[in-house]
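Chain and residue survey
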Amino acid sequence: MKSIDDLEVRGRRVLVRVDFNVPMQKDEQGDPTVADDTRIVQALPTIERLRARGARLILVSHLGRPEGRPEADLSLAPVAERLRELTGWSLTLSPEVVGERSRELARGLADGEVLLLENVRFEPGETAGDPDFARALAELADLYVNDAFGAAHRAHASTTGVAALLPSAAGRLLEREVGTLTGILESPERPLVAIVGGAKVADKIGVIDRFLALADAVVIGGAMCFPFLRAQGHAVGASLCDAEEVPHARRLIERSAGVDVGDHPGGHDAHGPARLLLPRDLVIGERLAQDAERRVLDGVEVPDGWMGLDIGPATIERYAREIAGAGTVFWNGPMGAFECKPFAQGTRAIAQAVARAPGVTVVGGGDSAAALARFGLEDAVDHLSTGGGATLELLEGKRLPGVQALEGASVA
Ligand code: ADP
Ligand code: MG
């Protein structure tokens, strides 16, 4: 991939695909505002660098899933406002994506000025990867930069379509994401410990499978653990557990070097599968609510009518020890329903263990990032991946279309 420093940008219009798909909330008037600006802040190094070199910037992003037509609540206006607050730029938001108004605004840009297009998914051609729409986007600019790692697993007009039409380069964030994640897969400091939790079990089976082949230990928490515990014959009560995932979990157990066999075995067998660590105890609740009755379960047999909502103290202790001994830690997915205080301890303790770990620490996943932020630990990890689905797909070993489109891209 070419980098932005390979492009001659002064006086030229550069279309920059950024990932401003930020979480939103409503203010007192019921108007949408930016709830978390992490993704905006992470896009700034690329934008600042291009501005400093005299580029005329046209930023393009999606927000939410507007299904190909304008939706007032998904306008990028609040994002434009936050960008102005963060940077002090007099940034213009075009009321449309492509069309006469956007062309006029793009033509009127001076060196270092910034134009933000309206939500690119207001156009049906975006997710359809429509070549005509890609051409309309490309016609706004002379050069293309993709810094939207979070959208790199999608073959959309603004990610892959435009890259084929203009001289292209990867932004700083996309470069760093691909470099760090590829590094974990190809040459990690060992032992490599992958911690996988959260609720999207079906989305993460592929990643667990890959880490069983590559890592030294795979540590399971969150609602993710119930298909595994079920496959081992334990009762899961009313816990979140999709019956369809149980056979997948059984297969993963069989593929592992064994469940919780030994502590830090001396030396790593580079060719053997990883050890699998499952919870030994759980925190259960009658409901997922602040005031629900809560119990610490000695073991993992969840009684009828109860839900496993967090990992227990013995599990925390065991997992923290594994993390402390790791050369590289990859963490994706909370250890419990951490948004609800009675069930936040496991996630907090694992977040702290990751933050303290002497090894290289990489965290991926929107909710895992939110958990780190809640505990004030987002700066204590080496790399906080912005990717979500793109991060998981890259780690699974899939080729990301947005990255592929930049590889071998021409540079003018
Ligand atoms: P990420 O976004 O980090 O990839 P996921 O989206 O897979 O993580 O899962 C996060 C969600 O999983 C959180 O909202 C959390 O409340 C929920 N969760 C974790 N453990 C449990 C559990 N035991 N029961 C119910 N929900 C859980
Ligand atoms: Mg999530």
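For every chain, the first residue of its written sequence is number 1, and the numbers climb from 1 along that sequence. Naming scheme: in the order in which they are written, chains are lettered from A and ligands are numbered from 1. In view of the model being predicted, local features appear only for residues whose pLDDT reaches at least 70, and side-chain atom pairs are presented and counted only at 80 or more, with totals across whole chains, interfaces and linings using the full set of residues. Each side-chain value is worked out from all heavy atoms of the structure, with water and hydrogens disregarded.

Examining the overall build of the chain
The helix and strand tally for the chain stands at 15 helices and 17 strands. In this setup the radius of gyration rests on C-alpha atoms only. A globule is expected at 2.2 Å times the number of residues raised to 0.38. What you see for the chain is a C-alpha radius of gyration of 23 Å, in line with the 22 Å of a compact globule of 412 residues. Here the C-alpha coordinates of the chain stretch approximately 70 × 50 × 35 Å along the principal axes. Using a 1.4 Å probe on the protein chains alone, a residue whose accessible area is under 20% of its type maximum counts as buried, one over 50% counts as exposed, and one in between counts as partly exposed. Going through the 412 residues of the chain one by one, you find that 54% of them count as buried. What counts as a helix is a DSSP run of H or I of at least four residues, what counts as a strand is a run of E of at least two, and both are numbered from the N terminus.

Description of helix α5 (residues 131-138)
Every buried residue of α5 is listed here: Phe133, Ala134, Leu137 and Ala138. All buried residues of α5 lie within an arc of 140 degrees about the axis, which places them on one face of the element. For this analysis, a polar contact is any N or O atom pair within 3.5 Å, provided that within protein one partner can donate a hydrogen and the other can accept it, and provided that sequence-adjacent residues contribute only side-chain to side-chain pairs. Two or three places before Asp132, at the start of α5, stands the capping residue Asp130, its side-chain oxygen 3.0 Å from that residue's backbone nitrogen. Picture the helix axis, draw a direction to every C-beta atom, and the arc is the one those directions span.

As for the sheet that holds strand β6 (residues 114-116)
Strand pairing in a sheet is mediated by backbone hydrogen bonds. Such pairs are either parallel or antiparallel. Note on pairing: DSSP must find at least two bridges between two strands before they are called paired. Across the sheet, six strands lie side by side as β5-β6-β4-β1-β7-β8; this open sheet has parallel pairing. This sheet does not close on itself; its edge strands, each paired only once, are β5 (92-93) and β8 (168-170). Sheet topology note: the strand β4 (residues 56-60)/β6 ladder contains three bridges and is parallel. Opposite Leu59, over in β6, you have Leu116 as the bridge partner. Contacts were defined at the residue level, with two residues in contact if any of their heavy atoms lie within 4.5 Å. Note on definitions: angles span 0 to 180 degrees between N-to-C directions of axes, and those axes are lines fitted to C-alpha atoms, for helices only across the stretch in contact. Those strands touched by helix α1 (residues 38-52) are β1 (13-17), β4, β6 and β7 (143-146), and its axis lies near 155 degrees from that of β4.

Digging into the sheet that holds strand β15 (residues 328-332)
Read from one edge to the other, the open sheet built from six strands follows the order β11-β10-β9-β15-β16-β17, with strand pairing classed as parallel. Edge positions in the open sheet fall to β11 (275-277) and β17 (383-384), since each of these has one partner strand only. Relative to β11, strand β10 (residues 217-220) runs parallel, the two sharing three bridges. Bridging across to β11, Val218 finds its partner in Leu276. Packed onto the sheet, helix α12 (residues 345-356) meets β9 (192-196), β15 and β16 (360-364) and runs at close to 150 degrees relative to β15. Strand contacts of helix α13 (residues 366-374): β15, β16 and β17, with the helix running at about 115 degrees to β16, the strand carrying the most contacts.

Re the environment of Ser368
Structurally, Ser368 can be placed in helix α13. Along the sequence, Ser368 and Gly388 sit 20 residues apart, while their C-alpha atoms lie 9.8 Å from each other. For Ser368, the contacting residues outside a window of four places in its chain are Asn332, Gly333, Pro334 and Val363.

Topic: the domain arrangement of the chain
Note that the domain bounds reflect an automated or database-derived domain assignment. When the domains of the chain are assigned, the result is domain 1 (4-172) and domain 2 (188-396). For domain 1 versus domain 2, the distance between C-alpha centres works out to 35 Å. Across the boundary between the two partners, domain 1 contributes seven residues, which contact nine residues of domain 2. The term buried area refers to how much accessible surface (probe radius 1.4 Å) is lost by two components on association, counted for both of them together. When domain 1 packs against domain 2, close to 630 Å² is buried across both sides, 59% of that on carbon and sulfur atoms. In terms of surface lost to domain 2, no three residues of domain 1 exceed Gln42, Phe149 and His153, which account for 73% of the buried area on that side. Salt bridges are defined as contacts in which a side-chain nitrogen from Lys or Arg sits within 4 Å of a carboxyl oxygen from Asp or Glu. In this assembly, domain 1 and domain 2 are joined by zero salt bridges.

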